[in-house]
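Structural overview for review
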Amino acid sequence: MMMKARNSKIEFLRIAAMLLIVILHLIQNDDRFQYVLTEHSFNNTCVVGLKLFANIGVSIFALITGYFGMKFSSRKLFALMFKTWFYSLCITSAFFFCGMSSLKEVVQVLIPLNSGHWYINAYIILMMICMFAGDKINSISKERFKVWLLVGFLLLYVFFWLSFDIGTNVILVLYLYCLARYIARFQPVKMGGVKLLSCISAIVFILVFGVLMLTRSQVIMKLLGSNYSPIVLLLSATLFLFVVLQKSVGIPLVNALAHRSLAVYLITEVHPVREALLAFQHTFDFNAIYIVCFAIVVYLSCSFIDWMLSPIEMLFAIKTFHVLSILRKK
């Protein structure tokens, strides 16, 4: 049975989402960002606007996962955990031998899922939930699904605005997964509706951003400056809908680069790498154009590293999984 060809438009959106995530981390982890928030200038406004727009990256990435659906597999679960652990350990060890990381950091990443990749942890929990509730999500009626999404939206943002931390990251990823499953199953809007939503989303974003730049309001910043923001959700869902309703195309280079997107996240979020990237970023001006160009270079560099390391990682993963399977049967 032949595998269905990958839609390069969705895969390009996957690349764009990961680029936005890299941009988001480069901006918000740079200590110069606090100065940018307080000082008015055209450059600072562009940096703030870029950071706020980059918040949609996480949501889009989760929506793509939900659109294609997920079935629990012990092999896939192990592969994800092993890849995260392997990259974290190898890269942290390499930095340690170069004198750029501590032994404590190496010891910390020896423990699987202890490398600080929150999205991976949330994804694994989502995978476990799908093992028990996946069939329910895929068989629920349209009307009941709408009720679920509404209740989930209200709970998510009540917890967010009241600053209740009860695993909100997991709830967000689960909600986005369910929203994308709803879109995949029922195709709730046509292209005309998406174009209207796009105009509304753009106008809302511009108006709220304008108020933020004039008032520097913390409430407005919270409304825009988080993965949990309703405006971020509106922008993400609209852009996602616009892409998935387009005619499918196949571009091998795009598909190949999109295949490396997870590795880009795994590599850039290893602590020594993140610190090295921020240190290098400090050598040039905190400028929106520079940040975007730097993020593209980072994506391509991490893709090349993954191209070199993934065959070794896969070999070790297969052998380890085989050994564990034998031990489990004994």
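Residues numbered from 1 in each chain as written. Predicted model: local features only at pLDDT ≥ 70, side-chain atom pairs only at ≥ 80, totals over all residues. Heavy atoms only, no water.

**A short note on the confidence of the model for the protein**
Of all residues in the protein, 95% have pLDDT values of 70 or greater, and the mean over the chain is 86. Looking at the elements of the protein, mean pLDDT is at its lowest for helix α11 (residues 218–224), recorded as 71, and at its highest for helix α14 (residues 261–268), recorded as 95. (pLDDT = per-residue confidence, 0-100. Helix = DSSP H or I, 4+ residues; strand = E, 2+ residues; numbered from the N terminus.)

**A word on the pattern of salt bridges**
Throughout the structure, instances matching the rule amount to 7 salt bridges. We note a salt bridge from Arg274 to Glu269, for which the minimum N-O separation is 3.6 Å. Looking at Arg274, the relative accessible area reads 21%, which means it is partly exposed. Under the relative-accessibility criterion, Glu269 is labelled buried at 10%. Counted as one network, the salt bridges with shared partners bring together Lys83, Arg260, Asp306 and Glu313. (Salt bridge = Lys/Arg side-chain N within 4 Å of Asp/Glu carboxyl O. Buried < 20%, exposed > 50% of the residue type's maximum accessible area, 1.4 Å probe, protein only.)

**Brief notes about the environment of Trp307**
Checked against the element boundaries, Trp307 lands in helix α16 (residues 288–329). Here the alpha-carbon distance between Trp307 and Val297, two residues 10 residues apart in the chain, equals 15 Å.

**Details of the environment of Val47**
Inspection of the secondary structure puts Val47 in helix α3 (residues 42–54). Sequence separation between Val47 and Ala288 is 241 residues; the distance between their C-alpha atoms is 5.1 Å.

**Some words on the packing of helix α1 (residues 8–28) against α3**
For the pair α1 and α3, the least separation of the axes is 8 Å and the interaxial angle reads 130 degrees. Judged by the angle between their axes, α1 and α3 are oblique. In terms of crossing hand, the pair formed by α1 and α3 is left-handed. Between α1 and α3, the contacting residues are Leu20, Ile23, Leu24, Ile27 and Gln28 on the first element and Val47, Leu50, Lys51, Phe53 and Ala54 on the second. Here the residues of the contact of α1 with α3 sort into 8 nonpolar, 1 polar and 1 charged. (Axes fitted to C-alpha atoms, helices over the stretch in contact; angles between N-to-C directions. Parallel < 35°, antiparallel > 145°, perpendicular 65-115°, else oblique. Left-handed = near helix turned anticlockwise from the far one by under 90°. Contact = heavy atoms within 4.5 Å. Nonpolar A, V, L, I, M, F, W, Y, C, P; charged D, E, K, R; others polar.)

**Topic: the side chain of Ser236**
Summarising the element assignment, Ser236 is placed in helix α12 (residues 230–244). Residue classification places Ser236 among the buried positions, given a relative accessible area of 0%. When residues no more than four places from it in sequence are discounted, the contact partners of Ser236 are Ile56, Ser59, Ile60 and Leu63.

**Side note on the state of the cysteines**
Note on terminology: disulfide describes a covalent bond linking the sulfur atoms of two cysteines. Tallying each qualifying case throughout the model produces 0 disulfides. Free of any disulfide, Cys98 has its nearest neighbouring cysteine sulfur in Cys90, separated by 13 Å. (Disulfide = S-S within 2.5 Å.)

**A look at the environment of Val189**
Residue placement: Val189 occurs in the loop between α9 (168–186) and α10 (191–215). Sequence separation between Val189 and Leu245 is 56 residues, and the spatial gap between their C-alpha atoms is 9.3 Å. Residues within four places of Val189 in sequence aside, it is in contact with Val194, Leu241 and Leu245.

**Here's the deal with a nonpolar patch on the surface**
Taken together, Phe96, Phe97, Leu103, Val107, Leu110 and Ile111 make up a surface patch of nonpolar side chains, about 610 Å² in accessible area. Among the structural elements, Phe96 can be located in helix α5 (residues 74–97). A relative accessible area of 31% places Phe96 in the partly exposed class. (Patch = residues over 30% accessible without salt bridge, like charges linked within 9 Å, V, L, I, M, F, W, Y side chains within 5 Å. Areas by Shrake-Rupley, 256 points an atom, 1.4 Å probe, with all protein chains shown as cover.)

**Looking at the packing of α1 against α12**
Two elements in contact, α1 and α12, have axes whose closest approach is 9 Å; the angle formed by their N-to-C orientations is 150 degrees. One element, α1, and the other, α12, form an angle in the roughly antiparallel class. Two secondary-structure elements touch here, α1 through Lys9, Ile10 and Leu13 and α12 through Leu239, Phe240, Val243 and Val244. Taken together, the residues that form the contact of α1 with α12 break down as 6 nonpolar, no polar and 1 charged.

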